[in-house]
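# Structure assessment
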Amino acid sequence: MAEAVVYGVVTRIGDLLVQEGKFLSGVSNQVEMLQTELNLMQGLLKDADARQDESETVRQWVAEIRDLAYDADDIIATYALTVGSRKGGGVQKVLKRCSCIFDEGITVHRVGSKIEDIKEKIYSLKTSFEGFGIKESIIQEGGSSSSNEKGREERETFSHLEDDLVGFDDILKKLVEFLLKEEKGKEVASICGMGGLGKTTLAKMVYNDTRVKQHFDCFAWVCITQQCQKRPVWEEILISLPSKYQRNKIKELSNADLVNELRQVQQTQKCLVVLDDIWEIEDWRILYEAFPVNDTRSKILLTSRKNDVASHANPRGVHKLECLNHADSLELLEKKAISWRSDSEAKTYMKRLGKEMIEYCGGLPLAITVLGGLLATKQTREEWEDVHKHVKSYLHEQQNFQVNKVLALSYNDLPFHLKPCFLYLGHFPEDFEITTKELIRMWMGEGFISQVQHRGGREDTMDDVGDRYLRELVQRCMVLVGKEGSLGRIKTCRMHDLMRDFCVSKAQDENFLHFTNALSMKQHEAQIGKVRRLAIISKSGDNFIEGIKFNEYPYLRSLLHLLPWNQESYFKESRFKKFKLVRVLHLENFNNHIRKLPKDTGSLIHLRYLSLKGSRINEVPSFIGNLRCLETLDLRIDFEVSCCILIFVVLIVRKTSLYSISFPRVPNVFKYMKQLKHLYLPHVYRVRGKLELANLSYLQTLVNVQPKTIQIPTWFEFNRLRVLKVGNNTQDAMQMLISKCPLVEKLKLYDPIAKPFHRIEKLPEAHQFPPNLAKLTLSNTRLGEDPMPTLEKLPNLKILCLESWCFIGKDMVCSEGGFPLLQYLLLDYLFLEEWRVEEGAMPSLCHLTIVHCKELKTIPDGLRFVTSLRELEIRYMPKPFKDRLDEGGLDFDKVKHVPSLVFQNCDRE
């Protein structure tokens, strides 16, 4: 890990020397010499990192060089940024308020002395390493396992997804049959077995089974933690199921009302509820009362590591997982690492070695999967033999197999640039669904992703590089895919419990990451070393923020506040005073007693990432304009649905202007943030004057922008913008903004509060849309004209979502040859009475979803010609509509070629 830290510092110093060299005046030569010393140290660290277990002395040396690299980064970056800010002329007052990390202030002399001191210590450690017999290794960016491009291309055709279970076909079949039984009364099925056997994976396969999707009306999946509390679990289940209560009202229900609503939903709807990883019988008992005993066709599927929990829930529904036998173990390893290869001779040799290596995995699917992910990156016999040798030396224990040894083997083999990315995942709580966009942008903020990397003859964005990093972790089976995005990217990810346990343990051993919660504060009151990353995690409901000693963390680089949406925590006004080096500040669901962001935030001049998503603050403060290094800024602060209802009343009854409503005010300060790449504005906002955005030439994401509130010169274009979401439209302003964004790939046009009687008569012409547009969403636009004649001409459109009154007409036509590349189409809450699809339209359509279009009596006859259609999903449609599509129904002939027909909540007339 020290190798990764040094590599990151060397890269960032290089970027500074190239981009900000003028701000290193007086110390640039010393900085270059320090960079050279660190570069030389990298070669020794590759061997030293691998030999830390041999000697406590080596471990201490490695830790010392890691901290020296961090210190160098702190000193040089702070000096450059401070000098640059002074020369900028506009922030001198800010700098006076920003105390430096040196009490006596930053001067050329003192910075030079600090650098010289670090250089001397690095040289001394380098001599110690060489004296200990640690040899210099060749440094290759990307690590040894990334050098074979041919092997990478082969692996990219092979997916390390979690549905590769073998040996469990019979259990899968039995579970599905059990859940499909039409029996009255509560039925609970359970999957039990030790950690790593694949309980959650098997449950997901059941949950996503086509027969199960067709049988049940609605679904809920909840992960249970070791400190199980019934209230959050019940709320999460009800949020997932159709209910008369909106999300923000559910937390206001009493326990009794919450239970009654849950029971009623499960009695009136056919629900499948999955409770993943129940630890104790008592946990089941406290959750039990929310599930009806009689008069229900709903079912429950639970997973547990304990047999007694499963038996207590329902002894007739227990399905126990066992370790794989030798044949199944080998089959799983072959799927992961061998079968997809093209060289038959190499495959034979690898299979022979694989037979020996799986003996050390004890039939545990997790261990085999991780070992397979490691071997999948190895292309030569020598590389396989090296892994084989390490498996023997590290994993063979006569009586006691430890899966952590396998996980450590995989971690140690990671290219050095991926190690900090992997350890960063330890910030997130158990069973947490991690939003990958946020994760990658935190990596960017920390400097784990270098500024520019090239691939395939083109310049990639840092997001593209981060996406590749994440996919490599997925390919190595160290990260699991949660949801996939509409354009093929990974939308969410998570970690297996055992992998997360290992990640957290390793991160703490490396002094990479620390946690603060009600439990850890008691256990780790005194931290050793400089704390550089801190995660605030709680599921207990305790407000322990007041007890956190933030003044003890002056070297902090990342602070992640990861509390659930239904739990409040309060920060005092001066909490961030000491965080002079922080780069990542994730304040999701943040709150304090005055509903304002602490003023200290404006002094965090190193900040690259700031998220206030879901936070309950009243205004966006002007002092965020001081944060000149920001790359990601998320201002999607909480806006209650109840406010929308009030707005409807005010607008209709009093005929009040939109801008007289007390929306949060956004200051005109983005013009100072020239490094911004991703800007998320509040869902609704007001501004005094106009927002000047012409300085944001690096912008790639612009979300919730209201065209009338911005000022853009006629000559300016957003030439890097890829994602655009436009709210509060007027036709001219909307068209003007779109014309300024020629490379947009994802576009959403919507009215954030669905103002009554407000509508767009028609869309821009097809040629006025960006030519690369791949995904388009329309919501609440209230179009008067059929949008299909325009949209079907978009040459690269792959995904089209028509939602919530976006079109208020009754007829819609898709013409022959229209939508040549469209793969996914969603029609949601439209007033359609007739929809016609001509033969030859939508030749690439794979997935069609129709939701809540109650006036539509039948599907188009032309769908019979769409032979590419693989799934038709019908939700919340009248029962007669569903009956026509069932086998034997009047419209079945139109869809009999579709492999998957899914119906949900279609039982009402």
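A quick note: this is a predicted structure, and the numbers were derived from the prediction, not measured. (Residues numbered from 1 in each chain as written. Predicted model: local features only at pLDDT ≥ 70, side-chain atom pairs only at ≥ 80, totals over all residues. Heavy atoms only, no water.)

### So, the overall build of the protein
When helices and strands are tallied, the protein shows 29 helices and 30 strands. Buried positions account for 57% of the 909 residues belonging to the protein. Within the protein, residue pairs in contact and separated by at least 24 positions form 67% of the contacts whose partners lie at least 6 positions apart. Carbon and sulfur atoms make up 48% of the accessible area of the protein, which amounts to about 38,500 Å² in all. (Helix = DSSP H or I, 4+ residues; strand = E, 2+ residues; numbered from the N terminus. Buried < 20%, exposed > 50% of the residue type's maximum accessible area, 1.4 Å probe, protein only. Contact = heavy atoms within 4.5 Å. Areas by Shrake-Rupley, 256 points an atom, 1.4 Å probe, with all protein chains shown as cover.)

### Re the nonpolar core
By size, the foremost hydrophobic cluster in this structure holds 104 residues, and its most contacted members are Ile624, Phe670 and Trp835. Per element, the largest residue contribution to this core is three residues, and it comes from helix 26 (residues 731-739). Here Trp835 is in contact with Met812, Cys814, Leu825, Leu827, Met842, Leu848, Ile850, Leu856 and Pro860, once residues within four sequence places are set aside. Ranked by size, the runner-up nonpolar core spans 79 residues in total, among them Val9, Leu38, Ile434 and Val481. (Core = buried A, V, L, I, M, F, W, Y, C linked by side-chain atoms within 4.5 Å.)

### A look at the packing of aromatic side chains
Taken as a whole and judged by the stated rule, the model has 15 aromatic pairs. On the numbers, 5.7 Å between centres and 80° between planes, the contact of Trp284 with Tyr288 is edge-to-face. Of this pair, Trp284 and Tyr288 both sit in helix 13 (residues 281-288), separated by four residues, roughly a single helical turn. The exposure class of Trp284 is buried, given its relative accessible area of 2%. When the centroid spacing of 6.5 Å and the interplanar angle of 40° are considered together, the rings of Phe422 and Phe502 count as tilted. Pair noted here: Phe422 is in helix 20 (residues 419-424) and Phe502 is in helix 23 (residues 497-509), with a separation of 80 residues, a long-range link. Classification of Phe422 by relative accessible area gives buried; the value is 0%. Sitting over the ring of Trp221, Lys204 keeps its end group 5.9 Å from the ring centre. (Phe/Tyr/Trp six-rings, centres within 6.5 Å; stacked < 30°, edge-to-face > 60°. Lys NZ or Arg CZ within 6 Å of the ring centre and 35° of its normal.)

### What about the pattern of salt bridges?
Where charged atoms from two side chains of opposite charge approach closely, those side chains can pair. What the rule picks out here adds up to 45 salt bridges. The shortest N-O distance in the salt bridge between Arg557 and Asp74 comes to 2.6 Å. Taken as a pair, Arg557 in the loop between strand 12 (533-537) and strand 13 (558-562) and Asp74 in helix 3 (residues 56-88) lie far apart in primary sequence, 483 residues in all. The class of Arg557 is buried, set by a relative accessible area of 1%. Among the ionic contacts, a cluster of salt bridges with common partners joins Asp71, Asp73, Asp74, Arg532 and Arg557. (Salt bridge = Lys/Arg side-chain N within 4 Å of Asp/Glu carboxyl O.)

### A closer look at the environment of His767
Of note, His767 is situated in the loop between strand 22 (746-750) and strand 23 (775-779). Residue His767 is classed as exposed on the basis of its relative accessible area, which comes to 67%. Taking the C-alpha atoms as reference, His767 lies 9.1 Å from Thr790; in sequence the two are 23 residues apart.

### Quick notes on the sheet that holds strand 10 (residues 492-494)
Sheet architecture is open: three strands sit in the order 6-10-9, paired in antiparallel fashion. With one partner strand each, in any of the chains shown, strand 6 (434-435) and strand 9 (480-481) form the two edges of the open sheet. Pairing between strand 6 and strand 10: two bridges, direction antiparallel. For Ile434, the partnering residue across the bridge sits in strand 10 and is Cys493. (Pairing = 2+ DSSP bridges.)

### Considering the sheet that holds strand 5 (residues 318-320)
With respect to topology, five strands assemble into an open sheet ordered 2-3-4-1-5, the strand pairing being parallel. Of all strands in the sheet, those bounded by a partner on one side alone are strand 2 (218-223) and strand 5. Here the strands of the sheet are splayed against their neighbours by 15° on average, with no regard to which way each runs. With six bridges connecting them, strand 1 (residues 187-192) and strand 4 (residues 299-304) associate as parallel partners. Among the inter-strand pairings, Cys192 is bridged to a residue of strand 4, identified as Ser304. Of the strands in this sheet, strand 1, strand 3 (271-276), strand 4 and strand 5 are in contact with helix 7 (residues 169-180), which crosses strand 1 at around 165°. Of the strands in this sheet, strand 1, strand 2, strand 3 and strand 4 are in contact with helix 8 (residues 199-207), which crosses strand 2 at around 170°. (Axes fitted to C-alpha atoms, helices over the stretch in contact; angles between N-to-C directions.)

### With respect to helix 10 (residues 230-240)
Looking only at helix 10, the buried set comprises Arg231, Val233, Trp234, Glu235, Ile237 and Leu238. Looking at the buried side of helix 10, the elements it contacts are strand 2, helix 11 (247-250), helix 12 (255-268), strand 3 and helix 13.

### Re the environment of Ser739
You can see Ser739 is positioned in helix 26. Ser739 sits in the partly exposed class, given a relative accessible area of 44%. Spatially, the C-alpha atoms of Ser739 and Glu717 are 8.2 Å apart, while their sequence positions differ by 22 residues. A polar contact is formed between the side chain of Ser739 and the backbone oxygen of Met736, at a distance of 2.5 Å. (Polar contact = N/O pair within 3.5 Å; in protein donor to acceptor, adjacent residues only side chain to side chain.)

### Remarks on the pairing of strand 19 (residues 701-705)
By the criterion of burial, strand 19 is predominantly enclosed, with five of the five residues buried. Alignment of strand 17 (residues 678-680) against strand 19, held across three bridges, turns out to be parallel. Bridging across to strand 19, Tyr680 finds its partner in Val703. Relative to strand 21 (residues 723-727), strand 19 runs parallel, the two being bridged by four bridges. Residue Val705 lies in a different strand from strand 21, and its bridge partner there is Val726.

### Description of the environment of Cys192
Assignment of secondary structure puts Cys192 in strand 1. It is 8.6 Å that separates the C-alpha atoms of Cys192 and Val309, two residues lying 117 residues apart in sequence. Beyond its immediate stretch of four places on either side in the chain, Cys192 contacts Lys199, Ser304, Lys306, Asn307, Ala310, Val318, His319, Lys320 and Leu321.

### Structural notes on helix 17 (residues 365-375)
Buried residues dominate helix 17, accounting for eleven of its eleven residues. Within helix 17 the residues assigned to the buried category are Pro365, Leu366, Ala367, Ile368, Thr369, Val370, Leu371, Gly372, Gly373, Leu374 and Leu375.

### Observations concerning the side chain of Lys882
Topologically, Lys882 is positioned in helix 28 (residues 879-885). Looking at Lys882, the relative accessible area reads 17%, which means it is buried. For Lys882, the side chain forms a polar contact with the side chain of Asp886, separated by 2.9 Å. Leave out the neighbours within four places in its chain, and Lys882 touches Phe903 and Cys906.

### What to know about the packing of helix 21 (residues 436-446) against helix 22 (residues 462-475)
The description of two helices packed together rests on the angle between their axes and the distance between the axes. Here helix 21 crosses helix 22 at 110°, and the two axes come no closer than 9 Å. Looking at the two axes, helix 21 sits roughly perpendicular to helix 22. Remark: the crossing between helix 21 and helix 22 carries right-handed chirality. Contacts between helix 21 and helix 22 involve Thr436, Leu439, Ile440, Arg441, Trp443 and Met444 from the first element and Met462, Asp463, Gly466, Asp467, Tyr469, Leu470 and Leu473 from the second. For the contact of helix 21 with helix 22, the per-class residue count stands at eight nonpolar, two polar and three charged. (Parallel < 35°, antiparallel > 145°, perpendicular 65-115°, else oblique. Left-handed = near helix turned anticlockwise from the far one by under 90°. Nonpolar A, V, L, I, M, F, W, Y, C, P; charged D, E, K, R; others polar.)

### Topic: the confidence of the model for the protein
Considering every residue of the protein, the mean pLDDT works out to 81; 81% of them sit at 70 or more. Contacts of residues 89-106 to residues separated by more than four positions or lying in other chains number 27 contacts, the stretch itself having pLDDT below 50. Taken as a whole, residues 396-401 scores under 50 in pLDDT and shows nine contacts with residues more than four places along the chain or in a different chain. (pLDDT = per-residue confidence, 0-100.)

### Description of unusual backbone geometry
Positive phi, normally seen in glycine, also occurs at Ser804, with a value near 40°. Here Ser804 is to be found in the loop between strand 24 (799-803) and strand 25 (811-814). Despite not being glycine, Trp805 has its phi angle at roughly 65°, a positive value. With respect to the secondary-structure elements, Trp805 resides in the loop between strand 24 and strand 25.

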